[in-house]
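Next come the chains, spelled out residue by residue.
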Amino acid sequence: MNCIECGGSYYETTRTHVVDMKSYIIIVRNVPCLECKLCGDAVYTDDVAARLDEIVGSLKDFMGEIAVVEYSSSQAA
């Protein structure tokens, strides 16, 4: 698969995903993704994107200002 931004090739890695919701920030570490070797563009699979939505959704009602969590593919986060 080639990068839609620059045409480079992707490789499997992990990265930190940050969600800034103005009143709070959620940082999810070690999220699996495909990252472009040339420009650094990241692509998440549908499953990973859905899991990120679950993680953010489960934390937003309990937030102060900032939360840092590890990515987990399981339902229990």
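Refer to the structure printed above.
This report concerns the structure included in the present document.

Calculation notes
- Residues numbered from 1 in each chain as written.
- Predicted model: local features only at pLDDT ≥ 70, side-chain atom pairs only at ≥ 80, totals over all residues.
- Heavy atoms only, no water.
- Helix = DSSP H or I, 4+ residues; strand = E, 2+ residues; numbered from the N terminus.
- Contact = heavy atoms within 4.5 Å.
- Areas by Shrake-Rupley, 256 points an atom, 1.4 Å probe, with all protein chains shown as cover.
- Core = buried A, V, L, I, M, F, W, Y, C linked by side-chain atoms within 4.5 Å.
- Buried < 20%, exposed > 50% of the residue type's maximum accessible area, 1.4 Å probe, protein only.

### Examining the overall build of the chain
Phase 1: In terms of regular secondary structure, the chain is built from one helix and four strands.
Phase 2: Across the chain, helices and strands are ordered from the amino to the carboxyl terminus as β-β-β-α-β.
Phase 3: A principal-axis box enclosing the C-alpha atoms of the chain has dimensions of 40 × 25 × 15 Å.
Phase 4: Residue pairs at least 24 apart in sequence account for 50% of intrachain contacts in the chain once pairs closer than 6 positions are excluded.
Phase 5: As presented, the chain carries roughly 5,200 Å² of accessible surface, and 50% of it is formed by carbon and sulfur atoms.

### Describing the nonpolar core
Phase 1: Within the largest apolar cluster, eleven residues are counted, these being V19, Y24, I26, V28, V31, V48, L52, I55, V56, L59 and Y71.
Phase 2: Elements that contribute at least two residues to this core include exactly β2 (25-36) and α1 (46-59).
Phase 3: By residue number, the principal contributor to this core is α1, which donates five residues.
Phase 4: Apart from the residues lying within four places of it in its own chain, the contact partners of V28 are R15, T16, H17, L52, I55, V69, E70 and Y71.

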